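Next come the chains, spelled out residue by residue.
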Amino acid sequence: MTEHCTLCGLPTQTRQITAPDSSGTFCCRGCLEVWRAVGDVDGVTAEAVRDHTQSDSTIDRDTDPPDGLADAFLEIDGMHCTTCESFVSLRGAAYPGVETVEASYATDTARVRYDPERVDTADLPAVVSGYGYTARFREDTAPDQPPRDEETFQRLLLGGFLAMLIMPWYVFFLYPSYVGIETGILTADMTTPVGLYLPMAIIGLLAGIVVLYTGWPILQGAYVSLSVGQPNMNLLLAVAILSAFTYSTVALVFGSVHLYYDVAVTIVLVVTAGKYYEGRVKREATGRLSELTSMRVTEATRRRSDGSTETVGVEALTPGDEVVVRPGERVPIDGTVVEGVAAVDEAVLTGESLPSTKRCGDDVVGGSVVTDSALVVAVADEAESTLDRITSLLWSVQSEETSVQRFADRLATVFVPFVLLLGVGVTIWRLLAAEPVGPAVLAGLTVLIVACPCAMGLATPLAIAGGLRDALGRGIVVTNSSLFETAPDIDTVVFDKTGTLTTGEMAVQSVVGDPDALAAAAAVEQQSSHPVAAALVEYEAVATDGGETRATVSGFERHPGAGVSGRVDGERVVVGTPDLVERHVGALPEPLSAAVQEARTAGNVPVVVGRGGNAEAVAIVGDRERDDWQQVLEAFDDKQVVVLTGDDERAAARFREHPTVDRVFAGVPPDGKVATVRALCAEGTTAMVGDGTNDAPALGVADVGVAIAGTAYAADAADAVLVDGQLADVPAVFTLAAATRRRIRENIGWALCYNGIAIPLAAVGVLNPLLAALAMAASSLLVVTNSRRPLL
């Protein structure tokens, strides 16, 4: 039976690590060190950490489907609110062979867990589609497909045009007559077509088009709400819209000119405009997994027993299959090297800044890139692509609802029935008081209209728009509105090392020995694809001010896992590890040996250059710190600061010495980073700052995730992205978040105050439907005006 890591849950296979002072088995020393530091915090157990991350969430965090089941991710069009999640999930799960469907309104995505033996994968979109929802695989989305909010814009455009035909009648005739200004409309003949009956009927027809076409998403949301038994704001809106429209139509039939088609049209247009705005923000601010699919490996080159190869889908691979991975290709699935030696770039997955040399017997992770030579990889037992695991985990943590959304959902389940009952109660009370049916119904309608949550619906998105506006001005793209809720309250800030506190790029930091030897080294390395070779070539290009080498290189030879050699203008040059140079040109002089040892202690790569039978220089290659990393850390001196990295302890040692840094965890794999951040979240509100794909799940599971313009994975997972890639902008994220939260609270406070005053006034008859609509519009206008003010 396969053992799993106590912290991150990864299979330990042959890498089991234990310690006398820690219970459990770990996949690497990084996970062990994290467990020692946060695994036994008072009151914080593994179960408590899991409970913390799953509380108030319907999303299943189990990223591995049970035996016999598979997962598929579908893109869903047509979800208008969180209630749609339940409808899509319940309808899809009712299909034979489908275990569960977990829909996410936040990401417009659904994860379908199904039995491949009973359901054809190609049929899954049809299983979920219907009732206004359209599902498709993400890879089936055409690049030139129009934005999803284009349909909303078309509905809004037609509704606005029809409103321009409707509203002049109210402005110039009906409204003045309601307040006693004689316009002649009250004495007009409403019983014949030559009177006002026909124009009013046309107004009713145009209003009906606005309600049914422009307001269709609202009506659909109300239907879904009733279908799943979860009252939402769409239900309240639909009741108010249909009540105003129905009352007006009945009044028109009986010859009355007290028509409230304008109220129905106003509610539809205000809400639809808000939805359109929300859709634009959602589309512009969140790619949400769109780039992940393009980077996942879907095909593999499998070697047959006769030595020939065939191209197969990754899902067709079985344990023991041998896969050929050529230079520049991604390893399709986790496995073990059985043939070849090559440098493998795992930075995007593990955070390790230096490429790893892999040879027979070494494990490789799916999604890493083979750089300079081909490998043959045997598929491991229970193997999956690490990249696929990151994708699934990222979807899970992104799809959880924020506490603000959960509060809104709970408020809707109470507020909507309350208002509906209040409206009916007011009508019945008026009827029992012997009032005519018309005024009694009108009083109940007024309650429904005045309670329409337009101001409440605009309060948060417009305040967030102000935050987005000011953030964009500073090169910060906010991709998740929960940032404004949680960022001001952080207790801990976790910084990834590679690519965040450092540049994340291989570069020559210094040269010991003869600098001229690097010109010959760069000439040879031009024929290598190794990342260290690229650093040497770039260094020499800068040193010569971009000039091209005129040296003639012959006899180029690659030494897998060690370096390269060749003849430069007839002279033999060897570039690579100290062992390689010593074998070919002799022992290293003492200064060069000392430089090699010092570089290794600092976690860098010593590249020795041998020329003409002598070791002449050592180039120290490594990742270097950003210039402003210390100032940024000092900006959080009132918080707990943690540095988290996939690099080994030597590369992280220099950060332990900084007085602001409280903890440093080194050698931590991606899944271990997730477990670490979860444990820190259990201690207090935690922010994660990172840049790489390996950081993506940790960014997603953190209370606040900030990406330093790194990979598409990190940007998709983060709550904020620093598009200019400047570490110095990190503190500004939290300053803007605090200012935006204050603005949100101001807007919501006004919206609640409005409802608290307006609903009682409508219930006692002080307001009529017209005044209720005006009050609703005035409330929304106040929210808009407040939101347009600068934050800082």
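As shown above, the structure is provided for reference.
Residues numbered from 1 in each chain as written. Predicted model: local features only at pLDDT ≥ 70, side-chain atom pairs only at ≥ 80, totals over all residues. Heavy atoms only, no water.

S.K.: Explanation requested: the overall build of the protein in the structure shown.
M.R.: Secondary structure assignment for the protein yields 28 helices and 28 strands. Counting over 792 residues, the protein shows a buried share of 52%. Considering only contacts within the protein whose residues lie at least 6 apart along the sequence, 67% involve residues at least 24 apart. With the model as given, the accessible surface of the protein reaches about 33600 Å², and the carbon-plus-sulfur share is 56%. (Helix = DSSP H or I, 4+ residues; strand = E, 2+ residues; numbered from the N terminus. Buried < 20%, exposed > 50% of the residue type's maximum accessible area, 1.4 Å probe, protein only. Contact = heavy atoms within 4.5 Å. Areas by Shrake-Rupley, 256 points an atom, 1.4 Å probe, with all protein chains shown as cover.)

S.K.: In this structure, what is going on with the packing of aromatic side chains? I would like to understand it.
M.R.: Centre distance and the angle of the planes are the two values used to describe a pair of aromatic rings. In the structure shown here, the tally under the stated rule is five aromatic pairs. Considering the side-chain rings of Tyr247 and Tyr260, the 6.1 Å spacing of their centres and the 40 degrees angle between planes classify their relative orientation as tilted. Here the residue Tyr247 occupies a position in helix α8 (residues 233–253), and Tyr260 occupies one in the loop between α8 and α9 (261–285), the gap between them amounting to 13 residues. Since its relative accessible area comes to 18%, Tyr247 is described here as buried. Connected via pairs of aromatic rings, a cluster forms that spans Phe495, Phe636 and Phe734. (Phe/Tyr/Trp six-rings, centres within 6.5 Å; stacked < 30°, edge-to-face > 60°.)

S.K.: Sorry, what's going on with helix α18 (residues 517–525) here?
M.R.: Owing to its 3.6 residues per turn, the α-helix brings residues three or four apart onto one side. Along α18, eight of the nine residues are buried, which leaves the element largely enclosed by surrounding structure. Those residues of α18 not exposed but buried are Ala517, Leu518, Ala520, Ala521, Ala522, Ala523, Val524 and Glu525.

S.K.: Before we go on, may I ask you to explain the packing of α18 against helix α19 (residues 531–543) in this structure?
M.R.: In helix packing, the relevant descriptors are the interaxial angle and the interaxial distance, both defined with respect to the helix axes. Between α18 and α19, the least distance of the axes is 9 Å, while the angle of their chain directions is 130 degrees. In this view, α18 runs oblique relative to α19, as classed from their interaxial angle. Where α18 crosses over α19, the two elements pack in a sense that is left-handed. For the pair α18 and α19, contact is made by Leu518, Ala519, Ala522 and Glu525 and by Ala533, Leu536, Val537, Tyr539 and Glu540, respectively. Broken down by class, the residue content of the contact of α18 with α19 amounts to seven nonpolar, no polar and two charged. (Axes fitted to C-alpha atoms, helices over the stretch in contact; angles between N-to-C directions. Parallel < 35°, antiparallel > 145°, perpendicular 65-115°, else oblique. Left-handed = near helix turned anticlockwise from the far one by under 90°. Nonpolar A, V, L, I, M, F, W, Y, C, P; charged D, E, K, R; others polar.)

S.K.: How should I be thinking about the nonpolar core in this particular structure?
M.R.: It is characteristic of soluble globular proteins that their nonpolar side chains tend to be buried jointly. Counting residues in hydrophobic clusters, the biggest one holds 57 residues, and the most contacted among them are Ile267 and Val450. When residues of this core are assigned to their parent elements, the largest contribution, 10 residues, is made by α8. If you look at the next biggest cluster of nonpolar residues, it comprises 39 residues, including Val704, Ala720, Leu727 and Val733. (Core = buried A, V, L, I, M, F, W, Y, C linked by side-chain atoms within 4.5 Å.)

S.K.: Looking at this model, I keep getting lost on the sheet that holds strand β21 (residues 571–576). Mind explaining?
M.R.: Sheet strands line up and pair through hydrogen bonds in the backbone, either parallel or antiparallel. Reading across the sheet, the six strands line up as β18-β23-β22-β21-β20-β19 and stay open at both edges, with antiparallel pairing between neighbours. The sheet is open, and its two borders are formed by β18 (507–513) and β19 (553–559), each paired with just one other strand. Sheet twist, expressed as the mean angle between neighbouring strand axes with direction ignored, is 20 degrees. Here β21 pairs with strand β22 (residues 605–611) via four bridges, running antiparallel. Pairing of Val574 across the sheet is with Gly610, part of β22. On the sheet, α19 packs against β18, β21, β22 and β23 (614–622) and is oriented at approximately 75 degrees with respect to β18. (Pairing = 2+ DSSP bridges.)

S.K.: Explanation requested: the environment of Lys358 in the structure shown.
M.R.: Of note, Lys358 is situated in strand β12 (residues 356–358). Of the residues examined, Lys358 reaches a relative accessible area of 12% and is grouped as buried. For Lys358 and Val337, which are 21 residues apart along the polypeptide, the C-alpha to C-alpha distance reads 7.2 Å. Aside from chain neighbours lying at most four places away, what touches Lys358 is Val337, Gly340, Val341, Ala342, Val344, Glu346, Asp363, Val364 and Leu375. In terms of polar contacts, Lys358 uses its side chain to reach the backbone carbonyl oxygen of Asp363, at 3.2 Å. (Polar contact = N/O pair within 3.5 Å; in protein donor to acceptor, adjacent residues only side chain to side chain.)

S.K.: Can you help me understand α8 in this one?
M.R.: Spanning 21 residues, α8 covers 30 Å between terminal C-alpha atoms, matching the ideal 30 Å at 1.5 Å per step. For α8, the complete set of buried residues consists of Asn234, Leu235, Leu236, Leu237, Ala238, Ala240, Ile241, Ala244, Tyr247, Ser248, Ala251 and Leu252. Just beyond α8, the residue with positive phi is Gly255, at close to 85 degrees. (Expected span 1.5 Å × (residues − 1).)

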